[in-house]
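The primary structure of each chain is shown beneath.
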Amino acid sequence: MDRRSVIKNAGIAGILAAGAAPAVHAQAAIRWRLASSFPKSLDTIHGAADTFAKAVKAMSGGKFEISVHAAGEIMPAFGVVDGVQQGSVEMCHTAPYYFFGKDETFALGCAIPFGLNSRQMTAWMYEGNGLKLMREFYAKYNIVSFPGGNTGAQMGGWFRKEIKSVADLKGLKFRIGGFGGKVLERLGVVPQNIPGGDIYPALEKGTIDSAEWIGPYDDLKLGFSKVAPFYYYPGFWEGGPQLDFFINDKAFAALSPENKAIVEAAAAMAHTDMQAKYDARNPAALKQLVGSGTKLREFPKDVMAAAFKESMAFYEELNAKNANWKKVYTDYAKFRGDSNLWFQFTEMKFDQFMQKQKL
């Protein structure tokens, strides 16, 4: 054995005797802040950030801690992208489509009317070009993104009066988050973009005529059935809305490879956990709502048809004027077409059969 091998092996033996490698001792504790766009009362959607933070702490042995702050604690619900971009906080958890006012392309990272369902969205992100294309876009805002949950297809919302045709939408003041309002606006709706925690008082006071949030579990908690009796479906503007963790690019770049991997793994865990919770909790909540008098209604066919037509026309207009949108939407639309072709032979037929059975 040569001299260098002896020294090398002796060094390793010393390290092992000490109980840990010097690199582990040298790692400084990391403390980040996460700003959420959601109130703590919504344990599913806000809870995804808690799930993420707990996983990061556990996987890092407590050396990487992230404090989670609900909407309004350190910044407004709709101020989180600016906070991350400017480095006021290291990261946030939000619905990207809230920020379509900055650029419509944000909506493609979350949900657009008649877009991808939740499984298709996850497939586009992880196996298609979705994550790559959205990260290229978010880089303009100093952001690195990670999928951070999906609610699954949402309900269409709560209405004081019945919607019997598309004509009943005209002049309706409707709280709708994100991009769906741009389409409904073309049908005469007056969209209102209000944070989740502020919807109930606006509906109760009559400031708005109707409101959508997510689905039965959260809607029951928020009490919408007390002030609006009609509950419509489906939320065609949110077939599979994805939440995201946005991280300041400099903060992420400063992490070690190990901590970057921890962030990625924790985000994937939170992503899966959120939809599992909604899928498990929504059925019982819907039964409770209907049992207490909620009137379930399907959107009329002419509403669906008109909204689909206006959606496709709107996307073509955006293709012509927004290069960021066109680059991402072109890929998104192709993936949607191919995926729906496949799903019509499998998921759709299986679901249609099962939903006709007495179980």
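Everything in this summary refers to the structure shown in the same document.

The rules we used
- Residues numbered from 1 in each chain as written.
- Predicted model: local features only at pLDDT ≥ 70, side-chain atom pairs only at ≥ 80, totals over all residues.
- Heavy atoms only, no water.
- Helix = DSSP H or I, 4+ residues; strand = E, 2+ residues; numbered from the N terminus.
- Buried < 20%, exposed > 50% of the residue type's maximum accessible area, 1.4 Å probe, protein only.
- Contact = heavy atoms within 4.5 Å.
- Areas by Shrake-Rupley, 256 points an atom, 1.4 Å probe, with all protein chains shown as cover.
- Lys, Arg positive; Asp, Glu negative; His and termini not counted.
- Charge placed at Lys NZ, Arg CZ, Asp CG, Glu CD.
- 1 Å grid on protein atoms, 1.4 Å probe; cavity = no way out; pocket = protein on both sides within 12 Å on 5 of 7 lines; lining within 4 Å.
- Points joined across faces, edges and corners; volume = space filled by probe spheres on them.
- Nonpolar A, V, L, I, M, F, W, Y, C, P; charged D, E, K, R; others polar.
- Salt bridge = Lys/Arg side-chain N within 4 Å of Asp/Glu carboxyl O.
- Pairing = 2+ DSSP bridges.
- Axes fitted to C-alpha atoms, helices over the stretch in contact; angles between N-to-C directions.
- Parallel < 35°, antiparallel > 145°, perpendicular 65-115°, else oblique.

For the protein chain, the helix and strand inventory stands at 14 helices and eleven strands. C-alpha extents for the protein chain along the principal axes are approximately 90 × 45 × 40 Å. Counting only residues that meet the buried cut, the protein chain has 48% of its 359 residues in that class. Restricting the contact set of the protein chain to residue pairs at least 6 apart, pairs at least 24 apart contribute 78%. Element-wise, carbon and sulfur atoms account for 56% of the exposed surface of the protein chain, whose accessible area totals about 16,900 Å². Averaging the locations of the 42 positively and 36 negatively charged side chains of the protein chain gives two centres separated by 1 Å.

Here the focus is the layout of surface pockets. What the largest pocket holds in volume is close to 1,400 Å³. For the lining of the largest pocket, the secondary-structure elements that each account for two or more residues are α5 (118–126), α11 (257–291), α13 (323–343) and α14 (347–354). It is α11 that provides the largest number of residues to the lining of the largest pocket, a total of six residues. For the lining of the largest pocket, the class distribution of residues is 13 nonpolar, 16 polar and five charged. Computed from the structure, the second largest pocket encloses a volume of approximately 160 Å³. For the second largest pocket, the full set of lining residues is Ile 112, Phe 114, Gly 115, Ala 153, Gln 154, Pro 234, Gly 235, Phe 236, Glu 238, Gly 239, Met 304 and Phe 308. For the lining of the second largest pocket, a count of residues per class yields seven nonpolar, four polar and one charged.

Turning our eyes to something else, we now look at the environment of Glu 136. Position of Glu 136 relative to the elements: it lies in helix α6 (residues 130–138). As for Glu 136 and Asn 324, which are separated by 188 residues in sequence, their C-alpha atoms are 9.7 Å apart.

Attention now goes to the pattern of salt bridges. Following the criterion strictly, the structure yields 15 salt bridges and no others. A salt bridge links Arg 281 to Asp 43, with the nearest nitrogen and oxygen atoms 3.2 Å apart. Within this pair, whereas Arg 281 is found in helix α11, its partner Asp 43 is found in the loop between β1 (30–36) and α3 (47–59), the two being separated by 238 residues in sequence. For Asp 43, a relative accessible area of 30% translates into the label partly exposed. Of the charged contacts in the structure, one is a salt bridge between Arg 297 and Glu 162, with a shortest N-O distance of 3.1 Å. Of the two residues, Arg 297 sits in strand β11 (residues 295–298) while Glu 162 sits in the loop between β5 (157–159) and β6 (173–175), which places them 135 residues apart along the sequence. What makes Glu 162 partly exposed here is its relative accessible area of 32%.

The five strands lie next to each other as β2-β1-β3-β10-β4, forming an open sheet whose pairing is mixed. The open sheet has two edge strands, β2 (64–69) and β4 (143–150), and neither has a second partner. Sheet twist, expressed as the mean angle between neighbouring strand axes with direction ignored, is 25°. The pairing of β1 with β2 spans six bridges and is classified as parallel. The residue of β2 that forms the bridge with Ala 35 is His 69. Of the strands in this sheet, β4 and β10 (242–248) are in contact with α6, which crosses β4 at around 130°. The sheet strands contacting α11 are β1, β2, β3 (91–94), β4 and β10, and the helix crosses β4 at an angle near 30°.

Okay, the sheet that holds β11 next. Here six strands make up an open sheet; going across it, the order is β7-β6-β8-β5-β9-β11 and the pairing mixed. Of all strands in the sheet, those bounded by a partner on one side alone are β7 (190–192) and β11. For β6 and β7, the ladder comprises three bridges, and the chain directions are parallel. In the sheet register, Phe 174 faces β7, and the bridge partner there is Pro 191.

It is worth spelling out the packing of α6 against α13 at this point. Between α6 and α13, the least distance of the axes is 10 Å, while the angle of their chain directions is 170°. Between α6 and α13, the crossing angle belongs to the class labelled roughly antiparallel. Contacts between α6 and α13 involve Leu 133, Met 134, Glu 136 and Phe 137 from the first element and Asn 324, Lys 327, Val 328 and Asp 331 from the second. For the contact of α6 with α13, the residue count by class is four nonpolar, one polar and three charged.

Before going further, it helps to spend a moment on the environment of Ala 55. Structurally, Ala 55 is set in helix α3. What Ala 55 contacts, discounting residues up to four positions off in sequence, is Ala 266 and Met 269.

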